[in-house]
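Notes for the structure review
Next come the chains, spelled out residue by residue.
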Amino acid sequence: MEDCLFCKIAKGDIPSKKVYEDEDLLAFYDIDPQGPVHFLVIPKQHIGSCAEIDESNSAIVAKCFEVIAKCTKELGLESFRVVSNTGLQAGQSVNHLHFHVIGGRDMTWPPGD
Ligand code: AMP
Ligand code: ZN
């Protein structure tokens with residue numbers, strides 16, 4: 001999708017620090033890390049958010065979670081949090097589905113601001 005930051009990162013038009021890449025997915029470090037480890041996993045195809053997941057694209061979402069398990073293992077993270085902010089009120093700032101993977105520090109529950 002034109003004018004989508006993460007579509008541009010997925011295509012390589014905007015550089016990123018990659019953790020993992022294949023034909024369907026990209027994992028890259030967040031530019032504003034919220035912990036010692038913070039990377040994002042995105043499908044290369046444009047899906048706006050969790051609210052747009054349906055049976056036509058859910059296989060790619062399953063693959064995102066396979067990649068999360070693989071990358072966290074490789075990074076030696078036994079404990080981590082996966083977050084997907086969906087919609088304005090939840091703090092979504094980039095309208096392309098992404099899973100934050102954050103680890104390496106203590107975390108509180110429920111999540112706050
Ligand atoms: P959200 O606010 O949940 O939609 O998450 C968007 C995330 O993208 C934020 O954590 C930003 O720090 C991150 N971000 C924005 N631009 C870039 C970029 N060029 N490279 C890596 N991460 C980015
Ligand atoms: Zn996009």
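What counts, and at which threshold
- Residues numbered from 1 in each chain as written.
- Chains lettered and ligands numbered in written order.
- Predicted model: local features only at pLDDT ≥ 70, side-chain atom pairs only at ≥ 80, totals over all residues.
- Heavy atoms only, no water.
- 1 Å grid on protein atoms, 1.4 Å probe; cavity = no way out; pocket = protein on both sides within 12 Å on 5 of 7 lines; lining within 4 Å.
- Points joined across faces, edges and corners; volume = space filled by probe spheres on them.
- Helix = DSSP H or I, 4+ residues; strand = E, 2+ residues; numbered from the N terminus.
- Nonpolar A, V, L, I, M, F, W, Y, C, P; charged D, E, K, R; others polar.
- Donors = N, O, S within 2.8 Å, 3.2 Å for Na, K, Ca; no water.
- Tetrahedral: all angles 85-135°; square planar, octahedral: opposite > 155°, others 65-115°.
- Buried < 20%, exposed > 50% of the residue type's maximum accessible area, 1.4 Å probe, protein only.

1. Looking at the layout of surface pockets
Taken as a whole, the largest pocket holds about 860 Å³ of empty space. Along the wall of the largest pocket there are 31 residues; nearest its centre are Gln34, His38, Asn85, His100 and Ile102. Among the secondary structure elements, those contributing two or more residues to the lining of the largest pocket are helix H1 (5-11), strand S2 (25-29), strand S3 (37-43), strand S4 (80-83) and strand S5 (99-103). Tallying contributions element by element places H1 first for the lining of the largest pocket, with three residues. In the lining of the largest pocket, the residues fall into 14 nonpolar, 11 polar and six charged.

2. Things to note about the coordination of the zinc ion (ligand 2)
For the zinc ion (ligand 2), every protein donor is listed as Cys4 (SG), Cys7 (SG), His46 (ND1) and His96 (ND1), and the spread of their distances is 2.0 to 2.3 Å. With four donor atoms in place around the zinc ion (ligand 2) and angles of 106 to 115° between them, the coordination shape is tetrahedral. The sequence pattern formed by the donor residues of the zinc ion (ligand 2) is C-x2-C-x38-H-x49-H. Each member of the pair, Cys4 together with Cys7, is buried.

3. Details of unusual backbone geometry
With an omega dihedral of 5°, the bond running from Trp109 to Pro110 counts as a cis peptide bond. Along the chain, Pro110 turns up in the segment after S5. Phi is positive for Asp3, which is not a glycine, with a value near 65°. The topology assignment puts Asp3 in the segment before H1. Looking at Asp3, the relative accessible area reads 70%, which means it is exposed.

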